[in-house]
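Residue-level structural notes
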Amino acid sequence: MSESTPQQRLERLRSSIDNIDAALVHMLAERFRCTQEVGILKAENEMPASDPSREARQIARLRSLAEDAHLDPEFAEKWFNFVVAEVIRHHTEAAATVVDGEE
Ligand SMILES: C=C(O[C@@H]1C=C(C(=O)O)C=C[C@H]1O)C(=O)O
């Protein structure tokens, strides 16, 4: 008796993929909740939206983690830069909102 049909295997794998995608969405939502708070803290204290030296350290760490996990480090860095670009956009908006509120 075969263990499962190709269709059953595909469905089982897709079910895991759906769970992983859901976890990623929840983790990203948590990350953005934190970064929104950082954005307000920075705006209220006139700190710059971006911190390139922190980003460089994060990229080095993530690339090393990716290598250990057999994930393409280039992909890990691209993913990080994509997310950070959105964070900086939020921080810039937060800074503009705080400045508007002061006027
Ligand atoms: C969240 C911060 O602001 C920016 C966003 C970062 C991030 O999303 O990890 C890292 C550095 C900053 O450019 C921070 O300074 O910690």
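Keep in mind that what you see is a predicted model, and the values were worked out from it rather than measured.

**Quick look at the confidence of the model for the protein chain**
Low pLDDT means the predicted coordinates in that region are not meant to be read closely. With 97% of its residues at a pLDDT of at least 70, the protein chain reaches an overall mean of 95. Mean pLDDT per element in the protein chain: helix 3 (residues 73-102) is the minimum at 93, and helix 2 (residues 52-68) is the maximum at 98.

**Some thoughts on the site of the ligand**
Of all residues adjacent to the ligand, which total 14 residues, the nearest are R31, K42, D51, E55 and Q58. Contact distances for the ligand include 2.8 Å between an oxygen atom and a backbone N or O atom of D51. One of the side-chain N or O atoms of E55 is found 2.4 Å from an oxygen atom in the ligand. For the ligand, the protein covers 90% of the area, taking 360 Å² as the surface of the free molecule. Secondary-structure elements contributing two or more residues to the shell around the ligand are helix 1 (6-44), helix 2 and helix 3.

**Quick look at the packing of helix 1 against helix 3**
Remark: helix 1 packs on helix 3, axes separated minimally by 8 Å, with the N-to-C direction vectors making an angle of 40 degrees. As far as their axial angle goes, helix 3 and helix 1 are oblique. Note on packing geometry: the crossing formed by helix 1 with helix 3 is right-handed. On the side of helix 1, the interface is formed by L28, R31, F32, T35, Q36, V38, G39, K42, A43 and E44, while helix 3 contributes F80, V83, E86, V87, H90, H91, A94, A95 and V98. For the contact of helix 1 with helix 3, the per-class residue count stands at 10 nonpolar, five polar and four charged.

**Focus on the UniProt feature "domain: Chorismate mutase" (unreviewed entry) in the protein chain**
As annotated in UniProt, the feature "domain: Chorismate mutase" (unreviewed entry) corresponds to residues 4-95 in the numbering used here. Secondary structure across residues 4-95 divides into 86% helix and 0% strand, with the first and last C-alpha atoms of the span separated by 56 Å.

**Digging into a nonpolar patch on the surface**
On the surface, L28, L71, F75 and W79 cluster together into a nonpolar patch covering about 360 Å² of accessible area. Along the polypeptide, L71 turns up in the loop between helix 2 and helix 3.

**Observations concerning the environment of R57**
Within the secondary structure, R57 sits in helix 2. For R57, a relative accessible area of 53% puts it in the exposed group. When the C-alpha atoms of R57 and Q7 are compared, they prove to be 44 Å apart, with 50 residues separating the residues in sequence.

**Overview of the environment of V25**
With respect to the helices, strands and loops of the structure, V25 is situated in helix 1. Along the primary structure V25 and E11 are separated by 14 residues, whereas in three dimensions their C-alpha atoms are 21 Å apart.

**Some points on the layout of surface pockets**
Counted as a void, the largest pocket has a volume near 240 Å³. Around the largest pocket, the lining is made up of 15 residues, and of these K42, R54, Q58, V87 and H91 lie nearest the centre. Of all the elements in the fold, those that place two or more residues in the lining of the largest pocket are helix 1, helix 2 and helix 3. Looking at the lining of the largest pocket element by element, the count peaks at five residues for helix 3. A class-by-class count of the residues in the lining of the largest pocket yields six nonpolar, four polar and five charged.

Reading the values: rules and limits
- Within each chain, residues carry numbers counting from 1 in the order of the written sequence.
- Only residues with pLDDT of 70 or above have their local features reported here, since the model is predicted, and side-chain atom pairs are shown and tallied only from 80 upward, although totals for entire chains, interfaces and linings are computed over all residues.
- Here the side-chain values reflect all heavy atoms present in the structure, with hydrogen atoms and water set aside.
- Confidence of the predictor at the level of single residues is given by pLDDT, which spans 0 to 100.
- Labels follow the DSSP assignment, with helices taken as runs of H or I lasting at least four residues and strands as runs of E lasting at least two, numbered in each case from the N terminus.
- When we say a residue is near a molecule or strand, we mean one of its heavy atoms is within 4 Å of it.
- Within 3.5 Å is the distance limit for a polar contact, defined as a pair of N or O atoms, with the added protein rule that one can donate a hydrogen and the other accept it, and that residues adjacent in sequence qualify only through two side-chain atoms.
- Each accessible area value is a Shrake-Rupley result obtained with a 1.4 Å probe; residue values ignore everything except the protein chains displayed when judging cover.
- Axis definition: a line fit to C-alpha positions, over the contact stretch in the case of helices; interaxial angles, taken between N-to-C directions, run 0 to 180 degrees.
- Each angle is binned into one of four classes, with values under 35 degrees roughly parallel, values over 145 roughly antiparallel, values of 65 to 115 roughly perpendicular, and all other values oblique.
- Here is the rule for handedness: rotate from the far helix to the near one, and if that takes an anticlockwise turn smaller than a right angle the crossing is left-handed, while a clockwise turn gives right-handed.
- The contact rule is simple, with two residues in contact once any of their heavy atoms fall within 4.5 Å.
- Amino acid classes used here: Ala, Val, Leu, Ile, Met, Phe, Trp, Tyr, Cys and Pro are nonpolar; Asp, Glu, Lys and Arg are charged; the rest, including Gly, are polar.
- UniProt positions are given in the numbering used here, feature names are shortened, and annotations may be inferred rather than shown by experiment.
- Patch criteria: residues need more than 30% relative accessible area and no salt bridge. Like-charged residues are merged within 9 Å; nonpolar side chains of Val, Leu, Ile, Met, Phe, Trp and Tyr are merged within 5 Å.
- The term salt bridge refers to a side-chain nitrogen of Lys or Arg lying within 4 Å of a carboxyl oxygen of Asp or Glu.
- A simple rule labels every residue: compare its accessible area, found with a 1.4 Å probe on the protein chains alone, to the largest value its type can have, and call it buried under 20%, exposed over 50%, or partly exposed in between.
- Residues are said to line a cavity or pocket when one of their atoms sits within 4 Å of a point; the points come from a 1 Å grid over protein atoms alone, cavities being sets where a 1.4 Å probe fits but cannot get out and pockets being open sets with protein on both sides within 12 Å along at least five of seven lines.
- Grid points are joined across faces, edges and corners, and a volume is the space filled by probe spheres set on the points.

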